[in-house]
Amino acid sequence: MTTLDERQGDGRIAARGRGGAYGPAAVPLDEPAAALPHRAGSKAANLARAARAGLPVLPGFVIPDGAEDDTIALRRAWDELSEGGARPLVVRSSSPQEDTQESSLAGQFASVLDVRGWQDFLTAVRAVLDSARRPGGETAPMAVLVQPMLAARVGGVMFGADPVEGRADRMLVSAVRGGPDSLVSGEQAGTNYWLSRSGRLLRTEPPTADAVLTRGELFRLARLARRARRVFGGPQDIEFGFDGDGRLWLFQSRPITAMAARPARGARLLGPGPVAETLPEQLLPLEEDLWVTPMARGLAAALDIGGSAPRRLLRRVPVVTTVGGRAAADLRLLGAAPPRHRWLALLNPAPGARRLGAAWRVGRLSAALPGLATDLVADVDRHLTGVPAPAELTAADLTAELRWTRRALVSLHAQEALAGALLREPPRSRTAAGAALSALAQARARGVPDERAAAEDPVVLALTAPSLRGPGRLPERVASGAGGDGERREVAAGVAATTEAGAAAATGAGAGAGAGGDGLGHASASVPGIESPTAPTAVRHTTHRSPALPPREALRLRVRWVQELQVRLVREGGRRLGLGAERVGMLRWRELGAVLEDGVSLPGDLHSRVPQGASAPLPDAFRLADGKVVAERHGDADGGRGVSGGRVVGTVWDGSGPRPPDPVLVVRTLDPALAPLLPRLTGLIAQTGSPLSHLAVLAREFGLPAVVGATDAVRRFPPGSRVAMDGGTGDVRAEEPR
């Protein structure tokens, strides 16, 4: 066996010692048989390959699977390597099932350190072999790797690529004082270094940490990573140590088994911000078609009119889409994110003809938009007032009404976007939400139950999001005592607003005031079917005075009313088809239209369609990589660091007691003994730990979202509480109970 001291440019060799084979029960690492994974196991075979390529590997021997009974050969090998028991040894597992391209099984088999004496050596070998018994009852094939125990000054783990951020052009080193064992076991978090491929230091974490490794040592580690990549044909997960003389040693090399998804160059920047207030919840497929598609078309029309984006791009790329059933918008198309290159924003790259046409359209539109909004609001109110109760519609009329609602939403969204961009609203102008709060306060003051508040005044719908599954929850009632007069102020504001709206209508200053930017108001409006389908028709068609609102707010309120009409129409269609609200929501719009209008049969797989599982809210800004959400990084929330990507919502579990159906394990350290729990977890949160610890590696292999360094997580998230986590950004937040 030979080792290469990397400090020497001439490749000076350090001899293994006397050398020679001990028999079939103990195969030295420098013999060809030691490089055969099926005989020596993956760990030993990788080290044998590395040693033959000149990498700095400690001497040692392998006990092949099933050869441990030849105690004579083992005694000879032990005596030579331990120098008659004077030198402590490390006895490690080496199974063909670990350290492979598919799975590392990191930390799943035993290793015994600081083994002294012949009897202790036999006991350590037996402990490693016994660890081959898996939780399911099967026994993995197991060889045993024996090497000298190195008293490392500094040790750690190095990845030849960054598995957390999915970057092959970066290296990640995590180091601690002493050997790497306390790091991989999760006992210590270590100091993290991000290096370029050439070894240039890019970042240290934590920034104020003492320098565990020097710049020269980091450069030598980068060189070792590059050499290991050439030997094994890909970036490696390496355990290393520097001895007291400053020599670098390779303890283990295995393939990186799990790399985080990385968005393609030029991937769109998405986020829920611009659309979350309209569609904040997870949507069913039919809800996506009813609400997201019209919104995307309306916003695209507004962007086209304003010349903000090329028409060809708007036809190819939806402005609003869904990710995991949640609405997300293209932040750059909507101007909610800065351009990639700020200096280019000073130059308008649009063709001259398009710039001129857009300027002409916008100039004319700014003057005409208040009148257009007034007309559209009046048309929508007139149509809503004239729609019969859904139960009175024929199947063809039901479908026709649904088609009208989708067209109306396109126009409403387009004009709302243009109004927000082009019309200047007074600083203290009313909003739809403010008018709804006033109406709700008045209804509560009259003793009207919350479930009937929208029937009393449809303006209250502005406080809830549309949903086929049921009405949304209204804001909590203001508590008595210190905050008790808050509701009285709402009532007073509502009475004043109603009086003001009535006076404006009486003097003719309602709708006409829209042209001057003061507000849009109409004498009456109604939303068919606000009450349950069994309520008297007269109640369902009660008319209500619309509040005087600025153009954009008036348009936004009509969006919500049209969406509520869609909900009632779809529920009636589902009733006729014998489908509940959630099951009819699993249809697509084309399927529902064909069934209602043309009488075709329901899709054969409808009852096997399953709603998407509950997902965490989308990050503020993210990109997609192979369909997975990759959040933009803006620092770690609550001190946490994401080590395995994915976003989940689940119930906190501490590993004891009954396991909840969606367990997020919250622990103090990443103890490898927790590994058997990983396959059945929803997420993993630890107060300490390293992105390169064994459990973090396993979490990435299982695709399990994991966060380490979450400050005081055990206290902040007690068992049974709900938590949302993002294993990419490290964001961990408490959620409302279900």
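Here the structure is shown first, and the text comes after it.
Residues numbered from 1 in each chain as written. Predicted model: local features only at pLDDT ≥ 70, side-chain atom pairs only at ≥ 80, totals over all residues. Heavy atoms only, no water.

## Describing the sheet that holds strand E4 (residues 61-63)
Thinking step 1. Taking strand neighbours across the sheet as the criterion, the five strands line up as E3-E4-E7-E5-E6 in an open arrangement whose pairing is antiparallel. Both edges of this open sheet fall to strand E3 (27-28) and strand E6 (111-115), since each of them pairs with a single strand only.
Thinking step 2. Of the pairings in the sheet, the one linking strand E5 (residues 89-94) to strand E7 (residues 143-148) comprises six bridges and is antiparallel in character. Within E7, the position partnered with Ser-94 by the bridge is Ala-143.
Thinking step 3. The strands touched by helix H2 (residues 42-52) are E4, E5 and E7; relative to E5, the strand with the most contacts, the crossing angle is about 115°.
Thinking step 4. Against the sheet, helix H4 (residues 118-130) makes contact with E4, E5, E6 and E7, and its axis sits at roughly 20° relative to E5, the strand it touches most. (Pairing = 2+ DSSP bridges. Helix = DSSP H or I, 4+ residues; strand = E, 2+ residues; numbered from the N terminus. Contact = heavy atoms within 4.5 Å. Axes fitted to C-alpha atoms, helices over the stretch in contact; angles between N-to-C directions.)

## Topic: unusual backbone geometry
Thinking step 1. Cis geometry is found at the peptide bond from Glu-205 to Pro-206, where omega equals -5°.
Thinking step 2. Counting through the fold element by element, Pro-206 comes out in the loop between strand E11 (201-205) and helix H6 (215-232).
Thinking step 3. Of note in the backbone geometry, Glu-83 takes a positive phi value of approximately 55° without being a glycine.
Thinking step 4. Within the secondary structure, Glu-83 sits in the loop between helix H3 (71-82) and E5.

## Re the nonpolar core
Thinking step 1. Of all hydrophobic cores here, the largest spans 73 residues; its most connected members are Trp-291, Val-319, Val-320, Leu-412, Val-570 and Leu-592.
Thinking step 2. Among the secondary structure elements, those contributing two or more residues to this core are helix H8 (285-306), strand E16 (326-330), helix H10 (352-386), helix H11 (395-422), helix H12 (432-445), helix H13 (450-456), helix H16 (551-577) and helix H18 (589-598).
Thinking step 3. Formed by 35 residues, the second largest nonpolar core is a distinct cluster that contains Leu-29, Ala-51, Ala-175 and Val-212. (Core = buried A, V, L, I, M, F, W, Y, C linked by side-chain atoms within 4.5 Å. Buried < 20%, exposed > 50% of the residue type's maximum accessible area, 1.4 Å probe, protein only.)

## Looking at the sheet that holds strand E22 (residues 683-686)
Thinking step 1. Read from one edge of the open sheet, seven strands run E19-E23-E22-E21-E20-E24-E25, paired in mixed fashion. Two strands close off the open sheet at either side, each with one partner strand: strand E19 (641-644) and strand E25 (731-735). Across this sheet, the average inter-strand angle for adjacent strands is 30°, counted without regard to direction.
Thinking step 2. Direction of pairing for strand E21 (residues 663-667) relative to E22: parallel, over a ladder of four bridges. Bridging from a neighbouring strand, Val-667 pairs with Ala-686 of E22.

## Quick look at the pattern of salt bridges
Thinking step 1. Scanning the model with the defined rule gives 34 salt bridges in all.
Thinking step 2. A salt bridge links Glu-416 to Arg-552; its shortest N-O distance comes to 3.8 Å. Here Glu-416, found in helix H11, pairs with Arg-552, found in helix H16; they are 136 residues apart in sequence, far enough to count as distant.
Thinking step 3. The class for Glu-416 is buried, based on a relative accessible area of 12%.
Thinking step 4. The closest approach of N and O atoms between Asp-731 and Arg-733, which form a salt bridge, is 2.6 Å.
Thinking step 5. Here Asp-731 falls in the buried class, since its relative accessible area comes to 19%. (Salt bridge = Lys/Arg side-chain N within 4 Å of Asp/Glu carboxyl O.)

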